[in-house]
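Residues per chain, in single letters:
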Amino acid sequence: MSDERPGCLGRFMRLFGLKPRSRQNSGTVEELPYRLRDDFLSVTESSFWRVLMAAVGNRATVCPKVGLRDIFYVARPNENAVYMNQIKQKHLDFLLCDPKTIKPFLAIELDDASHARPERIERDEFVDRVFKTAGLPLLHVPAQANYSLRMLSELLNPYLPPVMDNAASVAIVPPVPATATSPEIPNAPPSIPLCPKCGVPMVVRTAKSGEHQGKQFYGCPNYPKCREMKPLASK
Ligand SMILES: [Zn+2]
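All of the points below concern the structure found in this document. (Residues numbered from 1 in each chain as written. Predicted model: local features only at pLDDT ≥ 70, side-chain atom pairs only at ≥ 80, totals over all residues. Heavy atoms only, no water.)

Things to note about the overall build of the chain
Convention followed: Put simply, DSSP H or I for four residues or longer makes a helix, DSSP E for two residues or longer makes a strand, and each gets a number counted from the N terminus. Only protein chains enter the accessibility calculation, which uses a 1.4 Å probe; a residue is then buried when its area is under 20% of its type maximum, exposed when over 50%, and partly exposed in between. Accessibility throughout is a Shrake-Rupley quantity obtained with a 1.4 Å probe, and a residue counts as covered only by protein chains that appear here.
Counting its regular elements, the chain contains six helices and seven strands. Going from N to C terminus, the chain has its helices and strands arranged as α-α-β-α-α-β-β-α-β-α-β-β-β. Here the chain, with 235 residues, has 29% of them falling under the buried criterion. Here the chain has roughly 16,500 Å² of accessible surface; of this, 56% comes from carbon and sulfur atoms.

What follows is the structure, encoded as C-alpha cells:
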C-alpha cells in the first residue's frame, strides 16, 4: 500500500540513478553495516588474559576493555560535561571486580611501546590521576609476548582477597542508619552534611524498601552512582 508517486526530490534522484530511501520496498529492513570484530582482544591482551585468569582464580571477576565512564562519575554534577568529556573515550585494559558484588577493586593497564609516545605519556598521567582521585588502584604491566604466572601472582596478591569465603556477605543495599527513637525530622534541621565521598551537600531521602522502609536519611545527590548516606540527625 505504498504511495508510488516519487515527489520532486524522488524524481530528481531517479534522474541520477538513485533510489529514494523512503520508497524502498516497504516491509524490508535496510541491512546495517555492523560486523563482529575478530580482534576483540589483541594477541598481547589475550596472552595476558590467560595468565591473569590463572592468577586470580575465583578471587576476582575480570572484565576486559572497560570504559572509564562506566567506572567513574563526576562528583560535581554541574561540571559533569567538562570532566566526563575527558574520560568518555578512554578505556581500561582489565578491571578486577569482587566476584560477589562486582565492585571494582583493581585496574590493570598493559603498557606497550605506544605508551612511550609524548601524547600517550600525557594521557597516562591524566588517567593515573583519575584513578588516584577516585581511589581505585591502577597497575601498569609492561606488555610482552609471554607472562610468568608466578610474577603476575606476586604482583596481584597484595590486592586480591586471600581465599574465597562463604561467610562474605553481599551488601546490595547498605543498611539505612536507624533513627528508631525519633523518626521525625527535627523542626530545626541541623546544617546539611556534605557527602564524604563527593563533597556535595546531601539530600533528605526516604527508604523505599527494606527494614527501614519509610525512614528518612541523608543521601548523596549522586545516587545511585554514590551510595553514601548519613542519619538525619547527623551533621
Ligand atoms: Zn556522594
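From this point, the narrative continues.
Overview of helix 6 (residues 149-156)
As a reminder of what qualifies: For this quantity, the arc is that covered by the directions from the helix axis to the C-beta atoms. We call two residues contacting when some pair of their heavy atoms lies within 4.5 Å. Between N or O atoms, a polar contact is any pair within 3.5 Å; within protein, one atom must be a potential hydrogen donor and the other a potential acceptor, and residues adjacent in sequence are included only when both atoms are from side chains.
Every buried residue of helix 6 is accounted for by L152, S153 and L156. When helix 6 is viewed along its axis, its buried side chains cluster within an angular range of 100° and face the same direction. Structural note: helix 6 exposes R150, M151 and E154 on the side pointing more than 90 degrees away from its buried face. Check the buried side of helix 6 and you find it contacts helix 2 (43-56), strand 3 (104-111) and strand 4 (138-142). Where helix 6 begins, the side chain of S148 points an oxygen toward the backbone nitrogen of R150, at a separation of 3.3 Å.

Some details on the pairing of strand 3
Along any regular strand, the residues point their side chains to alternate faces of the sheet. Heads up, the condition is: We call two strands paired when DSSP finds no fewer than two bridges between them.
Counting buried positions along strand 3 yields seven of eight residues, so the element is predominantly enclosed. Where strand 2 (residues 91-97) and strand 3 come together, four bridges link them in antiparallel fashion. Each residue of the ladder has a partner; that of L95, found in strand 3, is A107. Between strand 2 and strand 3, which pair antiparallel and follow one another directly, the connecting turn spans six residues, one of which, I102, has a positive phi of 60°. In this structure, strand 3 lies alongside strand 4, joined through five bridges in parallel fashion. What sits directly across from E109, in strand 4, is H140.

Thoughts on the environment of V66
Structurally, V66 can be placed in strand 1 (residues 61-67). Residue classification places V66 among the buried positions, given a relative accessible area of 11%. Distance in space between the C-alpha atoms of V66 and L92 is 5.2 Å, their sequence separation being 26 residues. Here V66 is in contact with I71, K90, H91, L92 and L95, once residues within four sequence places are set aside.

Concerning the coordination of the zinc ion
Quick note on the threshold: Water is not among the atoms examined, so metal sites may look incomplete; donors are the N, O and S atoms within 2.8 Å of the metal, or within 3.2 Å for Na, K and Ca. Under the classification used here, a metal with four donors is tetrahedral if each angle lies between 85 and 135 degrees, square planar if opposite donors are over 155 degrees apart and the others between 65 and 115, a six-donor metal meeting that same test is octahedral, and anything else is irregular.
Around the zinc ion, the protein supplies C195 (SG), C198 (SG), C220 (SG) and C226 (SG) as donor atoms, at distances of 2.2 to 2.4 Å. Coordination at the zinc ion is tetrahedral: its four donor atoms span angles of 107 to 113° at the metal. Donor residues binding the zinc ion come from one chain and are separated in sequence as C-x2-C-x21-C-x5-C. Residue C198 is found in the loop between helix 6 and strand 5 (203-206), and its partner C226 is found in the loop between strand 6 (216-219) and strand 7 (229-231); the two are separated by 28 residues along the sequence.

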